[in-house]
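Structural features, examined
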Amino acid sequence: MSRRGENIRKRKDGRWEGRLPVYDTNHKIIKYHSVYAYSYQEVKALMKENKGIYTPLNKTDISIKQLCDDWLEDIKIYVKQSTYSRYYHTVQKHISPCFKNTTANNLTDNDITAFIKNKAINGRLDKKGGLSPKTIQDICTVLKQIIKYANLKGCCRQISLDFKKPKSEQQPFSVLSVEEQIQFVAYLKRNINLETLGILICLYTGIRIGELCALTWNDIDMLHSVLHISKTLQRVQNTEDNTSKTKIIIDKPKSNKSIRDIPIPQFLYQIIKKFSFKYQNNAYLLTGQTNHFTEPRLFQYKFKAHLKKAGLQDRNIHALRHTFATRAVEQNMDVKTLSEILGHSTVKFTLERYVYSSYELKVQSMEKMAACF
């Protein structure tokens, strides 16, 4: 378990590793030196002995690029691999190139304002226009963390963290109507296989596509009719070597609340049961193979193909999650239960982002209210 703020972590081989920043006087950069021991106390003592080898950079010398690299190195052991990959991409593609001629101590509020405006006008990597307000907000979130880190290290003048960012309007999400859902489910049942079973599971449990792609048959408790969600599969940028630009990782879900048990509806359980005897426990549900999985982007294409065959309009597969949440509210499921099934960290997020009130539900609610008078 990593010790936050100390750069100490326990390795998989049982040893403890402590990482010390070392100033390279020739190149004016900070590198890292590791010390190892078989206990936390021992490695902490070793770090104390070697602490003198660290000489901090003069605050007027460090470049924004070096600051970004130091921050990335500092947070690496504290965040999930997918989170680190996202931060790394944001820094390398958007932040460092725009401030390549600026030192940390010379960074000003005006520089940041100009940076945000530039991203809104010409921020796309393909040079075909500006970035969306949501993407700019995400970039600003990373930039704030870097500036906080700079302030903590004393290599940056005080800069306001209250950036003026473009407002992001929530896009209306797609939900299958009751009629469309009935039509789609009828199609899926007529063409049942591992792919269409996966779509049914998404539609009636609300799990995310990455969680579905990571599912193995031993994640389904057939005795108690429960689906165990404990991992997610996703493709992320490769930050470790140059063998490939991206790689597939299987990791824990978005948050601790995303690790959850979901009761399986009886009709869906009966369909799953017909397949469960055919495959090994550690086989992936979507492929039935132990050494081959379906990645989210490919399954998205397959989902769209099934929509087309069923005679329905094109949608993102995330519409199934929104549809599940909407049907749950229409059936009077309490929001706390729904939030836990969806794996959200707060009920507020569930209400704001996933609960869609259909026109039919509005009519029913108004009629119920009118009946009171």
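Residues numbered from 1 in each chain as written. Predicted model: local features only at pLDDT ≥ 70, side-chain atom pairs only at ≥ 80, totals over all residues. Heavy atoms only, no water.

1. Thoughts on the packing of helix α7 (residues 194–205) against helix α9 (residues 266–276)
Where α7 contacts α9, the axes come no closer than 11 Å and their chain directions differ by 155°. With respect to each other, α7 and α9 are oriented roughly antiparallel. Crossing of α7 over α9 shows left-handed handedness. Here Leu-194, Leu-197, Leu-200, Ile-201, Tyr-204 and Thr-205 of α7 come into contact with α9, specifically with Phe-267, Leu-268, Ile-271, Ile-272 and Phe-275. Its residues assigned to classes, the contact of α7 with α9 shows 10 nonpolar, 1 polar and no charged. (Axes fitted to C-alpha atoms, helices over the stretch in contact; angles between N-to-C directions. Helix = DSSP H or I, 4+ residues; strand = E, 2+ residues; numbered from the N terminus. Parallel < 35°, antiparallel > 145°, perpendicular 65-115°, else oblique. Left-handed = near helix turned anticlockwise from the far one by under 90°. Contact = heavy atoms within 4.5 Å. Nonpolar A, V, L, I, M, F, W, Y, C, P; charged D, E, K, R; others polar.)

2. Regarding unusual backbone geometry
Although it is not a glycine, Ser-225 adopts a positive phi angle of roughly 55°. Position of Ser-225 among the secondary structure elements: in the loop between β4 (220–221) and β5 (226–229). Residue classification places Ser-225 among the buried residues on the basis of a relative accessible area of 15%. Of note, the phi angle at Asn-332 is positive, near 65°, even though the residue is not glycine. Structurally, the position occupied by Asn-332 is in the loop between α11 (318–330) and α12 (335–342). (Buried < 20%, exposed > 50% of the residue type's maximum accessible area, 1.4 Å probe, protein only.)

3. Brief notes about helix α2 (residues 64–75)
A rise of 1.5 Å per residue sets the reference length of α2, with its 12 residues, at 16 Å; its end C-alpha atoms lie 17 Å apart and thus fit the reference within 8%. Most of α2 is tucked away, with 9 of its 12 residues classed as buried. If you check which residues of α2 are buried, you get Ile-64, Gln-66, Leu-67, Cys-68, Asp-70, Trp-71, Leu-72, Asp-74 and Ile-75. (Expected span 1.5 Å × (residues − 1).)

4. Here's the deal with the packing of aromatic side chains
Counted by the stated rule, this structure contains 9 aromatic pairs. Ring centres 6.3 Å apart and planes at 5° place the aromatic pair Phe-184 and Tyr-187 in the stacked group. With a gap of 3 residues between them, Phe-184 and Tyr-187 both fall in helix α6 (residues 178–190), about one helical turn apart. Judged on exposure class, the residue Phe-184 and its partner Tyr-187 are both buried. These aromatic residues form a ring-pair network of at least three members: Phe-184, Tyr-187 and Phe-303. Over the aromatic face of Phe-275 sits the side chain of Lys-278, whose NZ or CZ is 5.3 Å from the ring centroid. (Phe/Tyr/Trp six-rings, centres within 6.5 Å; stacked < 30°, edge-to-face > 60°. Lys NZ or Arg CZ within 6 Å of the ring centre and 35° of its normal.)

5. What to know about the confidence of the model for the protein
Chain-level statistics for the protein give a pLDDT mean of 85 and a share of 85% at 70 or above. Highest mean pLDDT in the protein belongs to α7 (97); lowest belongs to helix α14 (residues 359–370) (66). (pLDDT = per-residue confidence, 0-100.)

6. Observations regarding the pattern of salt bridges
Taken as a whole, this structure holds 14 salt bridges when the rule is applied. Where Arg-124 meets Asp-126, a salt bridge forms, and the shortest distance between an N and an O atom there is 2.5 Å. Relative accessible area serves as the criterion here: at 37%, Asp-126 is assigned to the partly exposed category. A single salt-bridge network, built from bridges that share partners, covers Arg-9, Arg-11 and Glu-17. (Salt bridge = Lys/Arg side-chain N within 4 Å of Asp/Glu carboxyl O.)

7. Here we look at the sheet that holds β4
If you walk across this open sheet you meet the 3 strands as β4-β5-β8, and the pairing is antiparallel. Each having just a single partner strand, β4 and β8 (260–263) make up the two edges of the open sheet. Pairing analysis gives 4 bridges linking β5 to β8, with the strands arranged antiparallel. Looking across to β8, one finds that Leu-227 is bridged to Ile-262. (Pairing = 2+ DSSP bridges.)

8. Overview of the nonpolar core
Phe-184, Ile-207, Trp-217, Leu-227 and Leu-320 are the most contacted members of the largest nonpolar core, which has 46 residues in total. Among the secondary structure elements, those contributing two or more residues to this core are α6, α7, α8 (209–214), β5, α9, α10 (296–309), α11 and α12. Beyond its immediate sequence surroundings of up to four residues, Leu-227 is in contact with Ile-201, Thr-205, Ile-207, Leu-215, Asp-219, Ile-220, Arg-260, Asp-261, Ile-262 and Ile-264. Counting residues in hydrophobic clusters, the runner-up holds 30 residues, among them Ile-75, Phe-115, Ile-146 and Ile-147. (Core = buried A, V, L, I, M, F, W, Y, C linked by side-chain atoms within 4.5 Å.)

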